[in-house]
Amino acid sequence: MQRYGKDDIFRMVEEEDVEFIRLQFTDIFGMLKNVAITSSQLKKALDNRCMFDGSSIEGFVRMEESDMYLYPDLDTFEIFPWRPQQGKVARMMCDVYRPDRTPFEGDPRYVLKKVIGQAEEMGYRFFAGPECEFFLFHTDDEGRPTTYTHETAGYFDVAPIDQGENVRRDIVLNLEDMGFLIEESHHEMAPGQHEIDFQYGEGLETADNVLTFKMAVKTIAKRHGLHATFMPKPKAGVNGSGMHLNLSLSYLNGGNAFEDKSDPLGLSKTAYSFLAGMLYHMKEMTILTNPLVNSYKRLVPGYDAPVYVAWTAKANKSSVIRIPSSRGEGTRIELRCPDPSVNPYLALAACLAAGLDGITKGMVPPESVDSNIFAMSDREMKRKKIEQMPETLGEAIEVFRRSSFMKEVLGDHIYSKYLEAKETEWRLFRAHVTDWEVERYLNQY
């Protein structure tokens, strides 16, 4: 990430003919919001004097507490390459502050920064790399999204079977113009499903980049007449979209804190304890890594998604955590349950906090489960102490409601607002009559 000062921002805006600047932030669900200003208001923005109505943002504040301020993070300044080249459009990610100039505890970015600060106090820097999947679907005659695709391509297929190749290429080129380092892109398992992976980075930068990535994908897909969706499971009978998270710690003075060449698996005690902490708190934080009713339609056997709270040193897709084969600076832990509907700030904050708790308490993980858990008997699973992930949003809510740990990580404000919203979502879903029920029961009964 570049390091910018105010003078750098003024210079780039003038030299690049930037006319509009979007001051971006998210609500507690990770939905991107922004206040757009013209270049004439740039000084005001850089002096942290741009206000917005916080009472209109999901999970923020009450009407009588509506005045909030945006503090731009200068290092996140980027120009959108897909916008006009005269009167260009740029963006800066922002932190949200109260009128008394204190950080707003309901800002998801603040939550992640707080946990990252705790890691630094322990002597670590936090890194994350997402593997983000999405679907490209056709729109109808009025431009509304559908779940239809003409292609029949599968994993790693190429054109002309892969009809989304040119769209992916356009997305990659635009992201590279914004400074993203794209490691690979390819067609995924299901027809219309794609994956683009960008290089890992420090935790806060990665969370910012996930939001920018999703905006870019949707914008460029629309230019091609398609709708890009990060809904976890838009179609039954095919794989859903995940967002595997590759996580690691380094020491403040350099070197991967997860590596130990003397260990049979090449993992350090720190890595084992971080892993143990994540497993211990996994069910508590599932509501953050898999936040929608629809998320749990993906977490079922048979579709390459994890179902069990276990870890493996091999390519065991039934376990929620695996250890990729690369070592040295590439030593990392891969969490396989998250999907791309997450709020990346809250999901990464939960993962990091759980891992740090494991390190602080010297937790030791259970044995690696290298065989197929789907094929195990209930007795064998019980003997190995393998638990199942929450099967519904309702189950995830119940675990989250009892979690003092997640309340401490998120703070009272986000914890209570998030829980309230998810309880409402689950209640509305339970009261809804689905097409499946009508088709199955209407004639039969």
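See above for the structure.
Below you will find a few notes about this structure. (Residues numbered from 1 in each chain as written. Predicted model: local features only at pLDDT ≥ 70, side-chain atom pairs only at ≥ 80, totals over all residues. Heavy atoms only, no water.)

The next subject is the overall build of the protein. Tallying secondary structure elements over the protein gives 12 helices and 16 strands in all. In terms of overall size, the protein behaves like a compact globule, its C-alpha atoms giving a radius of gyration of 22 Å where 445 residues would be expected to give roughly 22 Å. In terms of overall dimensions, the protein has C-alpha extents of about 70 × 55 × 45 Å along its principal axes. Within the protein, buried positions represent 54% of all 445 residues. Accessible surface for the protein amounts to roughly 20700 Å². Of this, 48% is attributable to carbon and sulfur atoms. Side-chain charges in the protein split into 52 positive and 68 negative, and the spacing between the mean points of these groups amounts to 4 Å. (Helix = DSSP H or I, 4+ residues; strand = E, 2+ residues; numbered from the N terminus. Rg over C-alpha atoms; globule rule 2.2 N^0.38 Å. Buried < 20%, exposed > 50% of the residue type's maximum accessible area, 1.4 Å probe, protein only. Areas by Shrake-Rupley, 256 points an atom, 1.4 Å probe, with all protein chains shown as cover. Lys, Arg positive; Asp, Glu negative; His and termini not counted. Charge placed at Lys NZ, Arg CZ, Asp CG, Glu CD.)

Ranked by size, the top nonpolar core spans 95 residues in total, and within it Phe213, Leu249, Met278, Ile321, Leu352, Met406 and Leu410 carry the most contacts. With 12 residues, the single largest contributor to this core is helix H8 (residues 344–360). If sequence neighbours within four positions are ignored, Phe213 has contacts with Cys132, Phe134, Leu175, Phe180, Ile196, Phe198 and Phe230. Counting 24 residues, the second-largest nonpolar core is a separate cluster that includes Leu23, Ile79, Ala90 and Phe104. (Core = buried A, V, L, I, M, F, W, Y, C linked by side-chain atoms within 4.5 Å. Contact = heavy atoms within 4.5 Å.)

A few words now on the side chain of Asp162. With respect to the helices and strands, Asp162 occurs in the loop between strand S7 (124–138) and helix H4 (165–177). By relative accessible area, Asp162 is classed as buried at 1%. Side-chain polar atoms of Asp162 contact the backbone nitrogen of Glu165, separated by 3.4 Å. Once residues lying within four places of it in the same chain are set aside, the contact partners of Asp162 are Glu151, Ala153, Asp157, Arg168, His187 and His194. (Polar contact = N/O pair within 3.5 Å; in protein donor to acceptor, adjacent residues only side chain to side chain.)

So, on to the packing of aromatic side chains. Each aromatic ring pair is summarised here by two numbers: the centre-to-centre distance and the angle between the ring planes. Using the criterion set out here, one finds 21 aromatic pairs in the structure. With centroids separated by 6.4 Å and ring planes inclined at 65°, the aromatic side chains of Phe134 and Phe213 adopt a geometry described as edge-to-face. In this pair, Phe134 is assigned in strand S7 and Phe213 in helix H5 (residues 203–223), connecting sequence segments 79 residues apart. For the pair Phe180 and Phe198, a centre-to-centre distance of 5.2 Å together with 85° between the ring planes defines the contact as edge-to-face. In this pair, Phe180 sits in the loop between H4 and strand S8 (182–187) while Phe198 sits in strand S9 (residues 193–198), placing the two residues 18 residues apart along the sequence. Taken as a pair, Phe180 and Phe198 share a single burial class, namely buried. (Phe/Tyr/Trp six-rings, centres within 6.5 Å; stacked < 30°, edge-to-face > 60°.)

The subject of this paragraph is the environment of Tyr110. When you line up the elements, Tyr110 lands in helix H3 (residues 108–121). The partly exposed category is assigned to Tyr110, whose relative accessible area is 29%. When the C-alpha positions of Tyr110 and Cys94 are compared, they lie 10.0 Å apart, and in sequence the two are 16 residues distant. Once residues lying within four places of it in the same chain are set aside, the contact partners of Tyr110 are Pro103, Phe104 and Glu105.

Let us look at the pairing of strand S2 (residues 32–38). Strand direction decides the pairing type here: strand S1 (residues 18–26) and S2, joined by seven bridges, are antiparallel. Residue pairing in the sheet places Ile21 in a bridge with Ile37 of S2. Hairpin geometry of S1 and S2 is characterised by an intervening segment of five residues between the two adjacent antiparallel strands and by a positive phi of about 85° at Gly30. (Pairing = 2+ DSSP bridges.)

Turning our eyes to something else, we now look at the packing of H3 against helix H11 (residues 404–431). The interhelical angle for the contact between H3 and H11, taken along N-to-C directions, is 160°, at an axis separation of 10 Å. Comparing their axes, H11 and H3 come out roughly antiparallel. For the pair H3 and H11, the sense of crossing is right-handed. For the pair H3 and H11, contact is made by Pro108, Val111, Lys114 and Val115 and by Glu408, Val409, Leu410 and Ile414, respectively. Looking at the contact of H3 with H11 residue by residue, the classes come out as six nonpolar, no polar and two charged. (Axes fitted to C-alpha atoms, helices over the stretch in contact; angles between N-to-C directions. Parallel < 35°, antiparallel > 145°, perpendicular 65-115°, else oblique. Left-handed = near helix turned anticlockwise from the far one by under 90°. Nonpolar A, V, L, I, M, F, W, Y, C, P; charged D, E, K, R; others polar.)

Tracing the backbone through its elements, the reader meets Asn256 in the loop between strand S12 (243–251) and helix H6 (269–289). Owing to a relative accessible area of 7%, Asn256 belongs among the buried residues under this scheme. In this structure the side chain of Asn256 is engaged in a polar contact, spanning 2.7 Å, whose partner is the backbone nitrogen of Phe258. Of note is the side chain of Asn256, whose polar atom sits 2.9 Å from the backbone oxygen of Thr331.

Okay, unusual backbone geometry next. Each neighbour pair has its own omega, and for Ala159 with Pro160 the value is 5°, a cis peptide bond. Secondary-structure assignment places Pro160 in the loop between S7 and H4. One non-glycine residue, Asn48, lies in positive phi territory at about 60°. By the secondary structure assignment, Asn48 is in the loop between helix H2 (42–46) and strand S3 (50–53). Unusually for a residue other than glycine, Lys385 sits at a positive phi of about 60°. Structurally, the position occupied by Lys385 is in the loop between helix H9 (378–383) and strand S16 (387–388). On the basis of relative accessible area, Lys385 is assigned to the exposed category, the value being 72%.

We now examine the environment of Pro130. Here Pro130 lies in strand S7. The class of Pro130 is buried, set by a relative accessible area of 3%. Taking the C-alpha atoms as reference points, Pro130 and Met278, 148 residues apart in sequence, are found 17 Å from one another. With sequence-adjacent residues up to four places away left out, Pro130 is seen in contact with Asp197, Phe198, Thr206, Val210, Met243, His244 and Leu245.

Inspection of every chain in the model, using the stated rule, returns 22 salt bridges. Salt-bridge contacts for Asp47 lead to Arg49; the nearest nitrogen and oxygen are separated by 4.0 Å. In this structure, Arg168 engages Asp162 in a salt bridge whose closest nitrogen and oxygen atoms are separated by 2.8 Å. Salt bridges sharing partners connect three or more residues here, namely Asp73, Asp95, Arg109, Lys113 and Asp208. (Salt bridge = Lys/Arg side-chain N within 4 Å of Asp/Glu carboxyl O.)

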